[in-house]
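# A closer look at the structure
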Amino acid sequence: MTRTRLLLVTLIAGLLATIGVHAQLHGVPADIAPLVATDGVHAGTTVRAALQVKLPDGFHVQSNKPRDPSLIPTVLTFDPPPGVTVREIVFPPATDLKQQGIPEPLAVFEQNFVIGVELQLARTLQPGTFTIPAHLRYQACDAKMCYIPTTAQAALSIKVVPASVALAPQHADIFSGIAFGHGEKPGASSQAAAATPSASAPAGPTGAEDGLKRLDDFTVLGTTGGYLGSGDFLQFVHNAETGVKSRGLFEGHGPLVILLLVLVGGLALNLTPCVLPMVPINLAIIGAGAKGGSRFRGFLLGSAYGGAMAIVYGALGLIVILTAGTFGTINASPWFNLIIAIVFVILGLAMFDLFTIDFSRFSAGFNPSASRGTFILAFSMGAVAALLAGACVAPVVIQVVLFSSTLYAAGTTIALALPFVLGIGMALPWPIAGAGIAAMPKPGVWMVRVKQAFGVIILALAAYYGYEAYGLFANRFVDPTLVAATVQQQIEEGWTPSLASGLETAAREQKPVLIDFWATWCKNCLTMDKTTLEDPAVSSALSGYVKIKFQAEQPDQEPAKSVMQRFKAVGLPTYVILKPKGAITSSR
């Protein structure tokens, strides 16, 4: 394998890994194992337990007392049943970690760590098993950046046995390393930190559950997201008030037109330099065309060959779409966008012959003489050809998968079929060519022009994803105290942090509603608050609105999850305009 091939394969592997890992970026997952120091406990005694935490490779979490107050501390809270009291929580010693771009080392807990807890049991507890829910809130980081804070759930299981039953110790090696007697006494500070998404977040209930019920009494006039300048935001408000719907790339065309366009795109991929020259070679290998024995048999062999191509692209697309979660989550990863940009740069430059990527050479030594003409061979060769043609078609396949993910996240189930349809488009010529009744275009100078046109489009896409990655990286580094302070100022100026209260006021006064979804880690939320939303023209346009600041600190967890799903919001900030049903919204 040449160095170029190795680089491309590595990048594609990295892309797939990124899709899997960063589907969880709205909460880097942690495995938590609850442990108890003895196999049973006696009522009226103290019990020592622990949570053994394991993070994915390369991650750590902020300690319970980070040096930078803008970082999210690790906080452990419990919901003990009656008769059980949390007496002490023992965090491990913090480790100093130097992170790129930060002058002072971070105080962190490494990938694997243990938190101890001491419980007091009342004498009145009866024998039986008690479950104590635990909530571990943490902010995970790697060597370069810190990610969105999340809360992991766990549960301690305490088995109360009669006093006459002897207790056997367990996990002695783990509990011997916990400094009981030197931990924290659960108090107001830790409870408050766990109760709010950020210690610096403004106080006030979101009223999400009651607000969800009240949303049935409102009509959605418009939604938008991301940073908007004053002009664009005013246009969004105007369109919402006048009923003007923004048209996307395929909006207004219907699902059949979308499928047709993707089908034609797949058909056009057969004109690329990685596919067209292989047509006569592959027909000879599978025994189609003149060697098929009959036109009908050649047609079936060509169909098997093309059908395999469609299945490969369709299956790969389905795997990515269904296992990667919503596209908003994937697209929120700067690493995903950066890797896409790098892959597209390499593939785009290859279209201008700066270097050669030709996976079709891998089939040069294939000897099909023993099984020529079989349907199994035709199907197998079609599947292999779909992968070997990746040098030319990968950008199109990736873009179709991304577009499909966007539509599927927005509730369009038919989007799952788009990767299959792309493959069917590539497969269409093969049954016809297999029957020997079609003249394939001959390679020539025109193919170079087609290839270069593909290169321009691919490099343009690379620039787009590179810009997205830059913006997302910049958005990761934000002081949550500044965001919270700005929001608090807006609340003092008349915004409300309660969804239920705001909707109740709007329904009573028959006013339109603006909901602003924000979080302390959202840099664009801060930028919007300090620029666009402070613009006098914007303030004037919103003067008759009930304005709600809805804190969606953890968009993939309740209560924010249900509210954001209601509006198909896939990122922050998101803005939604509503009106009470029956109310008339005047245009401006």
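For the structure, check the block above.
Residues numbered from 1 in each chain as written. Predicted model: local features only at pLDDT ≥ 70, side-chain atom pairs only at ≥ 80, totals over all residues. Heavy atoms only, no water.

## Overview of the nonpolar core
Ranked by internal contacts, the top residues of the largest apolar core, which has 35 residues, are L76, F78, L119 and I158. Elements with a minimum of two residues in this core: β1 (31-36), β2 (46-54), β4 (75-78), β5 (84-90), β8 (112-121), β9 (128-138) and β11 (150-160). Counting residues in each nonpolar core, the second largest holds 29 residues, with V483, V487, I515 and I548 among its members. (Core = buried A, V, L, I, M, F, W, Y, C linked by side-chain atoms within 4.5 Å. Buried < 20%, exposed > 50% of the residue type's maximum accessible area, 1.4 Å probe, protein only. Helix = DSSP H or I, 4+ residues; strand = E, 2+ residues; numbered from the N terminus.)

## A closer look at the sheet that holds strand β12 (residues 218-225)
The 4 strands are arranged β12-β15-β13-β14 in an open sheet whose pairing can be described as mixed. The sheet is open, and its two edges are formed by β12 and β14 (546-551), each paired on a single side. Between one strand axis and the next, the sheet turns through 20° on average, direction left out of account. Looking at chain direction, strand β13 (residues 513-518) and β14 are connected through 6 bridges and run parallel. Residue pairing for β14: V513 is matched across the bridge by V546. Strands β12, β13, β14 and β15 (574-580) of the sheet are contacted by helix α17 (residues 499-509), whose axis makes an angle of about 165° with β14. (Pairing = 2+ DSSP bridges. Axes fitted to C-alpha atoms, helices over the stretch in contact; angles between N-to-C directions. Contact = heavy atoms within 4.5 Å.)

## Quick word on a nonpolar patch on the surface
Taken together, the side chains of F296, F299, L300 and F375 make up a nonpolar region of the molecular surface, amounting to roughly 380 Å² of accessible area. Top contributing element to the nonpolar patch by residue count: helix α8 (residues 295-323), with 3 residues. Along the chain, F375 turns up in helix α11 (residues 375-388). (Patch = residues over 30% accessible without salt bridge, like charges linked within 9 Å, V, L, I, M, F, W, Y side chains within 5 Å. Areas by Shrake-Rupley, 256 points an atom, 1.4 Å probe, with all protein chains shown as cover. Salt bridge = Lys/Arg side-chain N within 4 Å of Asp/Glu carboxyl O.)

## Details of the sheet that holds strand β10 (residues 140-141)
Pairing is antiparallel in the open sheet, where 4 strands are placed in the order β6-β7-β3-β10. Looking at strand neighbours, the two that pair on one side only are β6 (95-97) and β10, the edges of this open sheet. One ladder, built from 2 bridges, connects strand β3 (residues 60-62) with strand β7 (residues 106-109); its direction is antiparallel. Note on β7: the bridge partner recorded for Q62 is V108.

## A short note on unusual backbone geometry
A positive phi angle is found at H171, which is not glycine, with a value near 55°. Residue Q510 is not a glycine yet carries a positive backbone phi of 55°. In this structure, Q510 sits in the loop between α17 and β13. Since its relative accessible area comes to 41%, Q510 is described here as partly exposed.

## Details of the pairing of β14
Counting buried positions along β14 yields 6 of 6 residues, so the element is predominantly enclosed. Taking every second residue as pointing to the same face, both faces of β14 are buried, with V546, I548 and F550 on one and K547, K549 and Q551 on the other.

## Let's talk about the packing of helix α16 (residues 480-492) against helix α18 (residues 523-530)
The contact between α16 and α18 brings their axes to 9 Å, and the two run at 40°. The angle between α16 and α18 falls in the class oblique. The handedness of the crossing between α16 and α18 is left-handed. In this structure, α16 contributes L482, V483, T486, V487 and Q490 to the contact, and α18 contributes L526, D529 and K530. Residues that form the contact of α16 with α18 fall into these classes: 4 nonpolar, 2 polar and 2 charged. (Parallel < 35°, antiparallel > 145°, perpendicular 65-115°, else oblique. Left-handed = near helix turned anticlockwise from the far one by under 90°. Nonpolar A, V, L, I, M, F, W, Y, C, P; charged D, E, K, R; others polar.)

## Structural notes on helix α13 (residues 418-427)
Among the 10 residues that make up α13, 8 are buried, leaving the element largely enclosed by the rest of the structure. Among the residues of α13, those classed as buried are L418, P419, V421, L422, G423, G425, M426 and A427.

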